[in-house]
Amino acid sequence: YLTPSGLCMIPQEGPPVSMTLTEEDLLSEPSFPSSGLMVLRTRVIGWMLGKKISVTWMGLTVEGIVTERSVNADNMKGAWQAELLVEL
């Protein structure tokens, strides 16, 4: 996969789970914009691209790789959150 810092390789069997998120870590319900993709809204933390995560929501656990992230850090009175695009 390609990151801003360059090309990173993933073993054929896949990377190990680096992060585990629970309902308490998410700001809203995960959304699934298309088959094989999930969007997570979380607090602003140093999320790393290419890391495999495990997400549990309403008793369902899903694993995927963080492929993109965006940060909305409005200093006045708006949102302060990150969105992660996860490839399942």
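Structure first, text after, so check above.
Residues numbered from 1 in each chain as written. Predicted model: local features only at pLDDT ≥ 70, side-chain atom pairs only at ≥ 80, totals over all residues. Heavy atoms only, no water.

Visitor: I'm lost on a nonpolar patch on the surface in this one. Help?
Guide: On the surface, a nonpolar cluster with roughly 430 Å² of combined accessible area is contributed by Leu2, Leu7 and Met9. Mapping Leu7 onto the fold places it in strand E2 (residues 6–7). Relative accessible area serves as the criterion here: at 65%, Leu7 is assigned to the exposed category. (Patch = residues over 30% accessible without salt bridge, like charges linked within 9 Å, V, L, I, M, F, W, Y side chains within 5 Å. Areas by Shrake-Rupley, 256 points an atom, 1.4 Å probe, with all protein chains shown as cover. Salt bridge = Lys/Arg side-chain N within 4 Å of Asp/Glu carboxyl O. Helix = DSSP H or I, 4+ residues; strand = E, 2+ residues; numbered from the N terminus. Buried < 20%, exposed > 50% of the residue type's maximum accessible area, 1.4 Å probe, protein only.)

Visitor: For this particular structure, what's the right way to read the sheet that holds strand E6 (residues 60–73)?
Guide: The pairing of strands in a sheet happens through backbone hydrogen bonds and is either parallel or antiparallel. Pairing in this open sheet of 5 strands is mixed, and the strands run E3-E5-E6-E7-E4 from one edge to the other. Two strands lie at the open edges of the sheet, namely strand E3 (17–21) and strand E4 (37–42), each paired on one side alone. Neighbour-to-neighbour, the strand axes of the sheet open up by a mean angle of 40°, direction not taken into account. Note that E3 and strand E5 (residues 52–57) share 4 bridges and pair parallel. (Pairing = 2+ DSSP bridges. Axes fitted to C-alpha atoms, helices over the stretch in contact; angles between N-to-C directions.)

Visitor: I'm lost on the side chain of Thr42 in this one. Help?
Guide: Relative to the elements of secondary structure, Thr42 occurs in strand E4. The exposure class assigned to Thr42 is buried, which follows from its relative accessible area of 0%. Within polar-contact distance, the side chain of Thr42 engages the side chain of Trp47 at 2.9 Å. Among all residues touching Thr42, those that are not within four sequence positions of it are Leu21, Asp25, Leu26, Leu27, Trp47, Gln81, Ala82 and Leu84. (Polar contact = N/O pair within 3.5 Å; in protein donor to acceptor, adjacent residues only side chain to side chain. Contact = heavy atoms within 4.5 Å.)

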